[in-house]
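# Secondary and tertiary structure notes
Chain by chain, the residues:
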Amino acid sequence: MIRLWGTEQYGLFALSSSLFVSLALLDGGVRSLTRVRLAPLLAEGKTDEAIKILLQGLLAFAIVCCCALLLALGLCVNDFLSHVLHLPPGGQTVLLVSGILTSLWMSSVLALELLAAEGRLSDVKAANTQGILLALPACSACLFFGSTPLITMVAMILCLIVPNLFLLFRNLPKESVHLWRKSVPFRDALTTLVHGFPYYVTTIALIGKTHGLTFLISAIAGPAEAGVFYLLLRLSETLSNVASTSSETSVASLAFDTTPSQRILLFRQSWTWVLLFSLHGALALTLIGPTLWNWWLPSFSFLPPIVWPALALFGWMGGWSQMTTNSSMGLGLIQSAALVCLMEAVLTIVLAFVGFSHGGFAGLFLGGAIAGIVTGFQSVRIANTLHEPFLCLWLHPLNKLVPGLLLSGLILFGASRILNPWACIVALGIPAVLVLLQMKHLSKTP
């Protein structure tokens, strides 16, 4: 994309991609609230009631989408977005179309919450993976035939929607199909939005402190710099979003599991998985990130070495924050979690702005990581709710992981000294094997 479009057009695609992720906040907190509500109903076999709850969520989401579309159209008047974000010609159209298609994709994701609440989150994630596998050749074909960022983005989002629809129709409960035809009272949808507001705040905070920064960088330095930030942000999400995926299942399980010992066990299992993925990833980014970046994109942007440990810390703090937020939902601490998330997001934006102004990308990521310390307040609250000492709850899982982390660190450090990209790639294989072995061990541990 960078070679065919240039840095500015790639920056526009990066903004569009960040918008795609950012518009997850459109759900108004409906998705998280719906999952928590569905879990106990499905556990009791009340499928009809569960589908009614899901329909309420879909209608509430449609209301939010319509409001967001009106707001987007207002921002496009007199090329307001183009001036603020320094967009190239046609940039507003790309963002607007991406927003509309994203709302359709979000609708399909929300409809699959019925499966996620049943404990079939792996099926939902598999559909997402299938969409990506479709999108890769589709986007490559668009590039081969000289398509614009707009056409490429449209192809990508449509590929993500198709597997979701296929999974939805294949698993729709046959005995309850008639419920989908019934109308849902408008009042119920509004009630869902009101109850989902704390969840909404956590989502807004998450987007604001991550992909929202892409638009901040574009407003400060233009789309080209925003494109660089977008690549770095996606790398950091291998530590935050990807690692914390394992904690999503705890949201539903903690909501109806009332046994204290089982809750603690469930929490520790989830947090151990997050630590396993995020810490190994942080070591890789810190030690061999500079070598691989300069090899991959030698003429795109020079980054000082200090960027990489700052980026790794930023990503790891994001994983801790998401684990804390997801657990709070299941433990009934969503009100306090929303407040903490909002505080963290505001502080992240402020410190990221100050850090970027004085220290470039290194200052930005370091500032964002420092803001993540606010998460500690909610982490203490979770420990108190589970009646476990703070350090015991959050640090005890490290005992199982330290030997593998030390070995990974030594191997990656040795590869980083060689300064050869192929040596770094080969060296990644050994930590990968260690992670797989630890995954196997953790799967068997009660």
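Keep in mind that what you see is a predicted model, and the values were worked out from it rather than measured.

## Some details on the overall build of the chain
Secondary structure summary: the chain contains 22 helices and zero strands in total. When burial is assessed residue by residue, the chain has 53% of its 446 residues classed as buried. The contacts in the chain between residues at least 6 apart in sequence include a share of 82% that link residues at least 24 apart. Accessible surface for the chain amounts to roughly 20000 Å². Of this, 71% is attributable to carbon and sulfur atoms.

## A short note on the packing of helix α2 (residues 7-22) against helix α13 (residues 223-236)
Two elements in contact, α2 and α13, have axes separated by 7 Å at closest approach and are oriented at 50 degrees. Looking at the two axes, α2 sits oblique to α13. The chirality of how α2 crosses α13 is left-handed. Across the interface between the two elements, Thr7, Glu8, Tyr10, Gly11, Leu12, Ala14, Leu15, Ser17, Ser18 and Val21 of α2 pack against Pro223, Ala224, Ala226, Gly227, Tyr230, Leu231 and Arg234 of α13. Within the contact of α2 with α13, the residues separate by chemical class into ten nonpolar, five polar and two charged.

## With respect to the side chain of Ser18
Of note, Ser18 is situated in helix α2. Apart from the residues within four sequence positions on either side, Ser18 is in contact with His211, Thr214, Phe215 and Tyr230.

## What about the nonpolar core?
Counting 64 residues, the largest nonpolar core has Leu232, Trp293, Phe361 and Phe365 as its most contacted members. A total of eight residues in this core trace back to one element, the largest contributor, which is α2. Core analysis: the second largest hydrophobic core is formed by 22 residues, Leu276, Met317, Trp320 and Ala369 among them.

## Notes on the packing of aromatic side chains
According to the stated counting rule, one finds 16 aromatic pairs in the structure shown. Ring geometry for Tyr10 and Phe13: centres 6.5 Å apart, planes at 35 degrees, overall tilted. Taken together, the residues span about one helical turn, with Tyr10 and Phe13 both in helix α2 at a distance of three residues. For the pair Tyr10 and Phe13, a shared accessibility class is recorded, and that class is buried.

## A short note on the packing of helix α8 (residues 121-144) against helix α9 (residues 149-170)
When two helices pack together, their arrangement is given by the angle between the helix axes and the distance between those axes. Two elements in contact, α8 and α9, have axes whose closest approach is 8 Å; the angle formed by their N-to-C orientations is 150 degrees. One finds that α8 runs roughly antiparallel with respect to α9. Where α8 crosses over α9, the two elements pack in a sense that is right-handed. Where α8 approaches α9, its residues Asp123, Val124, Ala127, Asn128, Gln130, Gly131, Ile132, Leu134, Ala135, Ala138, Cys139 and Cys142 are matched on the opposing element by Ile151, Thr152, Ala155, Met156, Cys159, Leu160, Pro163, Asn164 and Leu167.

## Overview of the environment of Thr385
With respect to the helices and strands, the residue Thr385 is situated in helix α19 (residues 375-385). For the pair Thr385 and Leu333, spaced 52 residues apart in sequence, the C-alpha separation works out to 8.9 Å. For Thr385, the side chain forms a polar contact with the main-chain oxygen of Arg381, separated by 2.9 Å.

## Considering helix α18 (residues 334-371)
Compared with the 56 Å implied by 1.5 Å per residue over 38 residues, the 20 Å span of α18 between its first and last C-alpha is markedly short. At Gly359, α18 is bent by approximately 155 degrees, the largest bend along its length.

## Focus: helix α22 (residues 421-444)
Under the 1.5 Å per step criterion, the end-to-end length of α22 is 36 Å for 24 residues, consistent within 8% with the ideal 34 Å. Buried within α22 we find Pro421, Cys424, Ala427, Pro431, Leu434, Val435, Gln438 and Leu442. On its buried face, α22 sits against α16 (260-296) and α21 (398-418). Where α22 begins, the capping side chain belongs to Asn420, and its oxygen is found 2.8 Å from the backbone nitrogen of Trp422.

## With respect to the environment of Val201
Tracing the backbone through its elements, the reader meets Val201 in helix α11 (residues 197-208). Judged by relative accessible area, which is 13%, Val201 ranks as buried. In this structure the C-alpha to C-alpha distance between Val201 and Val340, which are 139 residues apart in sequence, comes to 9.8 Å. If near-sequence neighbours (up to four positions away) are discounted, Val201 is found in contact with Ala338 and Leu342.

Quick notes on the rules
Residues numbered from 1 in each chain as written. Predicted model: local features only at pLDDT ≥ 70, side-chain atom pairs only at ≥ 80, totals over all residues. Heavy atoms only, no water. Helix = DSSP H or I, 4+ residues; strand = E, 2+ residues; numbered from the N terminus. Buried < 20%, exposed > 50% of the residue type's maximum accessible area, 1.4 Å probe, protein only. Contact = heavy atoms within 4.5 Å. Areas by Shrake-Rupley, 256 points an atom, 1.4 Å probe, with all protein chains shown as cover. Axes fitted to C-alpha atoms, helices over the stretch in contact; angles between N-to-C directions. Parallel < 35°, antiparallel > 145°, perpendicular 65-115°, else oblique. Left-handed = near helix turned anticlockwise from the far one by under 90°. Nonpolar A, V, L, I, M, F, W, Y, C, P; charged D, E, K, R; others polar. Core = buried A, V, L, I, M, F, W, Y, C linked by side-chain atoms within 4.5 Å. Phe/Tyr/Trp six-rings, centres within 6.5 Å; stacked < 30°, edge-to-face > 60°. Polar contact = N/O pair within 3.5 Å; in protein donor to acceptor, adjacent residues only side chain to side chain. Expected span 1.5 Å × (residues − 1). Bend = angle between axes of the 7 residues up to and from the residue.

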